[in-house]
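Notes for the structure review
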Amino acid sequence: MHETILLPSRSGMRPRHRRLWFFFFLIIVVLLFSARTAVSYYVETLWFRSLGYGDVFWKTITLSWGVFAAFALLTFLLLYGWFRLLLRVAAPDLRTASTMVIGRRVINLPVEAAMRIGGMLLALLVALGAGAAMKGEWLRFALYWFRPSASGPADPIFSHPLSFYLFTLPAWQALSGWLLMLALLLCASGLFLVLISTGSRLTSGGFDGPVPLPWRTFSLAVAFLLLVIAMRVYLGRIELLLEDHTVFAGVSYTDAHVILGGMLAVCGALILGTAISAVNWVARPRLSWLVLAPVPAVVCYVLVQVAAWYVSTFIVKPNQLVREQPYIAHNIEFTRQAYGLDRITQQEFPAEVSIGAADPANNQATLQNIRLWDWQALRDTLRQLQEIRTYYDFPDVDIDRYKLNGQTREVMLAARELSVEKLPGSSRNWINEKLIYTHGYGITMNPVNGFTPEGLPDLLLSNMPIQSTAKDIEVTRPEIYFGELTDTDVYVKTRQPEFNYPQGESNSLTSYEGPGGIPMGGLMRRVLIAFDRGDLSKVPFSDDIGSESRLLMRRSVQERVTALAPFLTFESDPYIVVGSDGRLSWILDAFTTADTYPYASHYMLRDRPISYMRNSVKCVVDAYTGATTFYVFDPQDPIIAAYRAIFPSLFKDASAMPPDLRGHIRYPELLLKLQAQVYGLYHMTDPVVFYNREDLWTIASEIGMGENNEQATLPLQPNFVLMKLPGQSDVEFVDILPFTPANRNNLIGWIAGRSDGPNYGTAIAYNFPKTRLVDGPMQIEARIDQNAQLSGQLTLWNQQGSHVRRGTLLVIPCGKALIYAEPIYLQAERSPMPELRLVVLALQDKLAYAPTFEGALQSLFAGAPSSLNAESASFSAPAAASAAKTAPADRNSLISAAARDLADYQRLTAQGKLAEAGQKLEDLKQKLDALMR
C-alpha cells in the first residue's frame, strides 16, 4: 500500500497571508517605477497648460492610453481564456503527468496549478507588450476615427477614395498585425500544451485515427490563424498600389491581370482552409484534415506565382512599354498629385546669351539684391565682429526681405544666442547656468550684397544694446530666451538678477517680464518640478527661487514644436523675424506626410520613405515669451483636417496670423528640394518618354566645401532671391533651384517657389530651349579656373599665408538671360574671418570680375575692363548694392542703350552689313565713354 504525500504547495504559510504579501510587494514595485512617470506627467501637464494647450496633452494621453487599455485588455482576455480552455482540455493528461511514484510513496506535483498561474502571468505580460506596441500606433486609430469625409481622387484599380489610403488602410494594417501576433501565440501555446500532454497518444493513435481532444482545440487556433492570414492577403492586394518597381510604382500589368485575381483566389483558399479546420473542431476530428487545411492556399499561391512568371516573361517583357503604358500613366498622375507637382505651372525661358537679353534697366531690383554674402562666410565674420563675448554664438544666418527706405530689400539676419557651453570653466556652476545667464541678446542684419571698404558686412542692426542704421527697423525686445541653442532649462523671475549684455567694465542686468514658463508655486510643486528636471538638490533649497519664479523648459524651437505636435515633420532650420512692433519671433515650416498614397512613388525624407507631402502649417514661436502658435496654410490637405478634428485648439487659420509676420512666410526649402527631386523625373508626363527616361533631370551641382573643409562636388541648395520673375511686373521673394540633364553639366531649366501675396505656395518651372547649351554652375566654375588672370591671382593669394574661400555660385534669372555670381573671399590662416576680395559675374558668353560689386556690374554691362586691383576700384558708399540701387536713370539708360548697340553690332556683323555694323560700333564707343566719365 502506497503512502500518498502532497507537496506543501499550499502549506507552511497561510494562503491568504502569502497572497497579501505578494500583492503588497507588487504595489511597492509599481509605485517605485511609476513615481517618476507620474511626476513627469504632472510637469508635462503644467508645461502644456502654460502654453494654453492643456487639452492637447490630455487628449493625447486619453487616446494613447485608451488604445493601450483596449488592446491590452482584449489580448489578456483572449489569451487567458484560451489558456484556461487548453488546461481544461488537457486536465486528465496533466493529472497523470503530475503524479510521481518514488518507492512506496506517491507524490502529487501541482503541475496544473502552476500552469494556470504561469498562463495567467504569460497572458498578462503578452497583453502589456501588445498594449504597449499598439499604444505606439494610437495616431493611426485616431486619424481613422476623426478622418474627414471621403475625399480626393479615387484610385483607378479599386476605386477607393484617397481618405481610404490615408486613414482606413493604415488602421487596418495595424489591426491585422495585432491579430496575426495573437493568432501565432494561440497556435504556439496550443501546440505546446498538446505536445506535452498527448505526445504518447499521438503515436498510438496513428495519423489517420481520431484526433485527441487537445488536437481538436488546436484546430480552432489554426482556423483563426488561416482567417487572419486571409485578411492579410486581402490587404496585400490593396498594398500592391503602394509598391515601387524598377520603372514606376503601383499596380503593373502582371499585377492587374494575374496577381490581383490570384491573391483573391488565395484568400478564398485560406477561407476554405479555415472552414476545414473549423469542421475538424466541431465534427469527428482527424489529423489529416488539419494537415489538409492550408494545402489549397499553398497550391493556389504556387499556381499564381507560376502564372505571374509566365505573363511577366513571355507577355510583358517582350512588349513592356505597350503593356505597362496605362499603368505608367496612373503612376505619373498620382505621383504628381502626391507631391504637389500638379500645382506647378510650366513656362518657357529663352536663356539668351546676349548682354541685352539681361535687360539690366528693367531688372534693377534683381541686380540690387544679388546675394554676395555666403551664409557660412558671414557667420564666421559675425562670430569675430559681433559675438562681443566668448559665450555668445551665431548658430545660423537667415535670408529674408524687409522694407528699407520704401523699397523691399533682401537681407541676412543672425540671432546672437548665448551658449552655456562657452562659459569660462570657473563660471560653470548651477546659479550661473540656470539663474543668471538665461538668454541671448539681439540680432544682426545686413544687405545681402552690402560691404564696407574693408570687405566686411555693412550692418544695419548690430552691437549691444542694438544699434540701427535703418529707420524702418527697430528691435524693442532683443532678449532671446527661446532659440536654436537654448537647449537647457532656466529659472526666471527669481531674486537673482539676470545678465542681459556686457556694458564696458560692467554688465547690464535685467529680470524676465514675460508671461511664459511654468509658475513654481508652493514648496510641494517646486519639489516635484525639481525632481522631474533633475534639480532636486538645488531648487527646493534655493533662496533665489520663490513662488512667483518660473521655469522655462524646452527652449529650443525645434524641441518645442516637436513636443507639441510630434506627428508633424518640421523644417530643420527656423528663421528669425523682426515684427512691426519690434519683437523677435521664430517661424518654422511644418509638413504632413504619408507613405500610403496610391500609385505614388516613394522618396526618402530624412531616412524614411514617403509618398505624400504638404506644407500645411507655419509655426511661430515668440523669442521672448515662448508662445507657440500653429497656423494652417493648406486647409485642403486631408491629413491636417484630421489633425484639426483631433486637436481643435492646437491650430489656427492662416488669416489669424499677424500681417507683419505673414509678410515673412516663404516657400520651404525642404519642400522645394523634394519637389525638385521628384520633378526631375515626373516632369515627363508622356508615358513613352517617361519609360525611356529620355529627358531625365537632376539638381545642378557646384564646387563647394565638403567634409574636412575640402572642395567637393555638391548639389546646389535652394537659393532665396528677391527678383522679378519673367513675365511678371512685381518683385517677388522666391526660392529657386536649377536643373541639369542627367549626367550632364549644362542647365536645362529651373524651378521657383513663390512666397508673396496670393502667389504663396505656388511654383513655376522654366524650361530652357533644348537646341541651345546653357552653361551650368560646374562649367562657370571651370571658366573661372581657366581665366589666366583670375587663376593666377587666386594661386598667388593661396601662397601668401592666406586661404582663398569661394562662395556659393548663384544662378539668377535676369530678363531673358541668366546671371552667374560668385563671391571670392580671402581668409588669413590665423584668422577665421573671411573678407570679400573679388566679385565674379558672368553671362553665357562673358566673364567679368572686380574687387567690388559695382565694378563687376560695370565690367559686365558697361564694357569696363575687369580688374583685380583693389586700389583702382574703390567701394562706393554706402556699398555696391546701394550704388546699384541709387544709380541715376540716365546711367541705366546708357547701359541699356550700350547693350542694344552691342547686340545690333553682333547681328549686323553676322549678316555681312559691315557699314551699318561700324556705325553701331561707334555709337557703342560713345556710350561707353559717357559711362566712364
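In this report, the structure presented in the accompanying data block is examined. What you see is a predicted model; the values in this text were computed from it and never measured. (Residues numbered from 1 in each chain as written. Predicted model: local features only at pLDDT ≥ 70, side-chain atom pairs only at ≥ 80, totals over all residues. Heavy atoms only, no water.)

Across its full length, the chain holds 26 helices and 38 strands. Burial analysis of the chain (933 residues in total) assigns 52% to the buried set. Long-range contacts, defined here as pairs at least 24 residues apart, represent 67% of the contacts in the chain between residues at least 6 apart. Carbon together with sulfur atoms contributes 58% to the accessible area of the chain, which is approximately 41300 Å² in total. (Helix = DSSP H or I, 4+ residues; strand = E, 2+ residues; numbered from the N terminus. Buried < 20%, exposed > 50% of the residue type's maximum accessible area, 1.4 Å probe, protein only. Contact = heavy atoms within 4.5 Å. Areas by Shrake-Rupley, 256 points an atom, 1.4 Å probe, with all protein chains shown as cover.)

All right, on to the packing of aromatic side chains then. For the coordinates displayed, the defined rule picks out 39 aromatic pairs. Taking 6.1 Å as the distance between ring centres and 90° as the angle between the ring planes, the aromatic pair formed by Tyr41 and Phe57 counts as edge-to-face. Residue Tyr41 is found in helix α1 (residues 15–50), and its partner Phe57 is found in helix α2 (residues 54–89); the two are separated by 16 residues along the sequence. For Tyr41, a relative accessible area of 27% gives the class partly exposed. With a centroid separation of 5.2 Å and an interplanar angle of 40°, the aromatic rings of Tyr310 and Phe314 are classed as tilted. Here the residue Tyr310 and the residue Phe314 both occupy positions in helix α10 (residues 295–316), the gap between them amounting to four residues, near one helical turn. A relative accessible area of 48% places Phe314 in the partly exposed class. (Phe/Tyr/Trp six-rings, centres within 6.5 Å; stacked < 30°, edge-to-face > 60°.)

Right, let's get into the packing of helix α5 (residues 138–145) against helix α17 (residues 638–646). Two numbers describe a pair of packed helices, the interaxial angle and the distance between the axes. Where α5 meets α17, the closest approach of the two axes is 9 Å, and the angle between their N-to-C directions is 95°. Comparing their axes, α17 and α5 come out roughly perpendicular. Contacts from Leu139, Ala142 and Leu143 of α5 reach α17 at Ala642, Tyr643 and Ile646. Broken down by class, the residue content of the contact of α5 with α17 amounts to six nonpolar, no polar and no charged. (Axes fitted to C-alpha atoms, helices over the stretch in contact; angles between N-to-C directions. Parallel < 35°, antiparallel > 145°, perpendicular 65-115°, else oblique. Nonpolar A, V, L, I, M, F, W, Y, C, P; charged D, E, K, R; others polar.)

Across the five residues of strand β33 (residues 763–767), five count as buried, placing the element largely inside the fold. Sheet topology places strand β4 (residues 344–348) next to β33; five bridges connect them, and they run parallel. Within β33, the position partnered with Glu348 by the bridge is Asn767. Pairing between strand β32 (residues 749–754) and β33: five bridges, direction antiparallel. Paired with Trp750 across the strands is Tyr766, a residue of β33. (Pairing = 2+ DSSP bridges.)

Now for the layout of surface pockets. The space that makes up the largest pocket amounts to roughly 1000 Å³. Forming the boundary of the largest pocket are 38 residues, of which Asp374, Trp375, Gln376, Gln717 and Thr808 lie nearest the centre. For the lining of the largest pocket, the secondary-structure elements that each account for two or more residues are α13 (375–385), β6 (398–404), α19 (669–682), β28 (701–705), β29 (711–715), β30 (719–724), β34 (802–806) and β36 (817–828). Of the residues belonging to the lining of the largest pocket, the class tally is 13 nonpolar, ten polar and 15 charged. (1 Å grid on protein atoms, 1.4 Å probe; cavity = no way out; pocket = protein on both sides within 12 Å on 5 of 7 lines; lining within 4 Å. Points joined across faces, edges and corners; volume = space filled by probe spheres on them.)

Judged by how many residues are buried, strand β7 (residues 407–415) sits mostly within the fold: seven of nine residues are covered. In this structure, the hairpin formed by β6 and β7 is closed by a connection of two residues, where Asn405 is found at a positive phi of approximately 55°.

A few words on the sheet that holds strand β14 (residues 490–492). One open sheet accounts for three strands, arranged β14-β18-β17; its pairing is antiparallel. Each edge of the open sheet is held by one strand with a lone partner, namely β14 and β17 (518–519). Here three bridges tie β14 to strand β18 (residues 550–552), and the two strands are oriented antiparallel to one another. Residue pairing across strands places Val492 opposite Arg550, the latter belonging to β18.

On the surface, a cluster of nonpolar side chains totalling about 550 Å² of accessible area is made up of Ile117, Met120, Leu121, Leu124, Leu125 and Leu128. For Leu121, the position within the fold is in helix α4 (residues 111–135). (Patch = residues over 30% accessible without salt bridge, like charges linked within 9 Å, V, L, I, M, F, W, Y side chains within 5 Å. Salt bridge = Lys/Arg side-chain N within 4 Å of Asp/Glu carboxyl O.)

This next bit is on the nonpolar core. If you look at the biggest cluster of nonpolar residues, it comprises 269 residues, and the most contacted ones within it are Leu568, Phe630, Tyr643, Phe651 and Phe861. At 15 residues, helix α6 (residues 162–205) tops the list of elements feeding residues into this core. (Core = buried A, V, L, I, M, F, W, Y, C linked by side-chain atoms within 4.5 Å.)

Here the structure, examined in full by the defined rule, presents five cavities of 30 Å³ or more. In this structure, the largest cavity occupies an estimated 60 Å³ of space. For the largest cavity, the full set of lining residues is Leu716, Gln717, Asn719, Ile736, Pro738, Thr808, Leu809, Leu810 and Val811. If you list the elements that add at least two residues to the lining of the largest cavity, you get β31 (731–741) and β35 (810–814). When its residues are assigned to classes, the lining of the largest cavity shows six nonpolar, three polar and no charged.

As a further point, take helix α16 (residues 557–564). Spacing of three or four residues puts side chains on the same side of an α-helix, whose turn is 3.6 residues. Taken as a whole, α16 has its buried residues at Val557, Arg560, Val561 and Leu564. Taken around the axis of α16, the buried residues stretch over an arc of 85°, which confines them to a single face. (Arc of directions from axis to C-beta.)

Moving on, we get to the pattern of salt bridges. Within the structure shown, the criterion is met by 25 salt bridges. Ionic pairing is found between Glu479 and Arg477, a salt bridge with its closest N-O pair at 3.5 Å. When sorted by exposure, Glu479 lands in the same class as Arg477, which is buried. Connected through shared salt-bridge partners, Glu781, Asp785, Arg806 and Glu822 make up one network.

Right, let's talk about the environment of Leu191 for a bit. Position of Leu191 relative to the elements: it lies in helix α6. Between the C-alpha atoms of Leu191 and Thr217, which are 26 residues apart in sequence, the distance is 9.5 Å. What Leu191 contacts, discounting residues up to four positions off in sequence, is Trp215 and Phe218.

Bringing the side chain of Thr596 into the picture now. Structurally, Thr596 can be placed in the loop between β21 (584–594) and β22 (603–605). Judged by its relative accessible area of 5%, Thr596 is buried. A distance of 2.7 Å separates a polar side-chain atom of Thr596 from the backbone oxygen of Tyr165. Setting aside chain neighbours within four positions, we find Thr596 in contact with Tyr165, Leu166, Pro170, Gln173, Leu242 and Ser611. (Polar contact = N/O pair within 3.5 Å; in protein donor to acceptor, adjacent residues only side chain to side chain.)

With that settled, the discussion passes to the state of the cysteines. Scanning the entire structure with this criterion turns up zero disulfides. Lacking any disulfide linkage, Cys267 is separated from the closest cysteine sulfur, that of Cys300, by 9.3 Å. (Disulfide = S-S within 2.5 Å.)

Turning our attention to the packing of helix α11 (residues 320–338) against α19. Put simply, α11 and α19 touch, their axes get as near as 11 Å, and they point 160° apart. When the interaxial angle is binned, α11 and α19 end up roughly antiparallel. For the pair α11 and α19, the sense of crossing is left-handed. Every residue of α19 that contacts α11 at Asn331, Ile332, Thr335 and Arg336 is listed here: Val678, Tyr679 and Tyr682. Along the lines of polarity and charge, the residues of the contact of α11 with α19 split into four nonpolar, two polar and one charged. (Left-handed = near helix turned anticlockwise from the far one by under 90°.)

Here the focus is the environment of Thr444. Structurally, the position occupied by Thr444 is in strand β10 (residues 443–447). Assessed through its relative accessible area of 0%, Thr444 is described here as buried. Separated by 29 residues in the primary sequence, Thr444 and Ala415 place their C-alpha atoms 6.6 Å from one another.

Moving on to unusual backbone geometry. With an omega of -5°, the peptide bond running from Met464 to Pro465 counts as cis. Here Pro465 shows up in the loop between β11 (461–462) and β12 (467–468). With a phi close to 45°, Asp359 is a non-glycine residue in the positive phi region. Of note, Asp359 is situated in the loop between β4 and α12 (364–368). For Asp359, a relative accessible area of 26% gives the class partly exposed. A positive phi angle, near 65°, is found at Asn743, a position not held by glycine. Note on placement: Asn743 falls in the loop between β31 and β32. Under the relative-accessibility criterion, Asn743 is labelled exposed at 80%.

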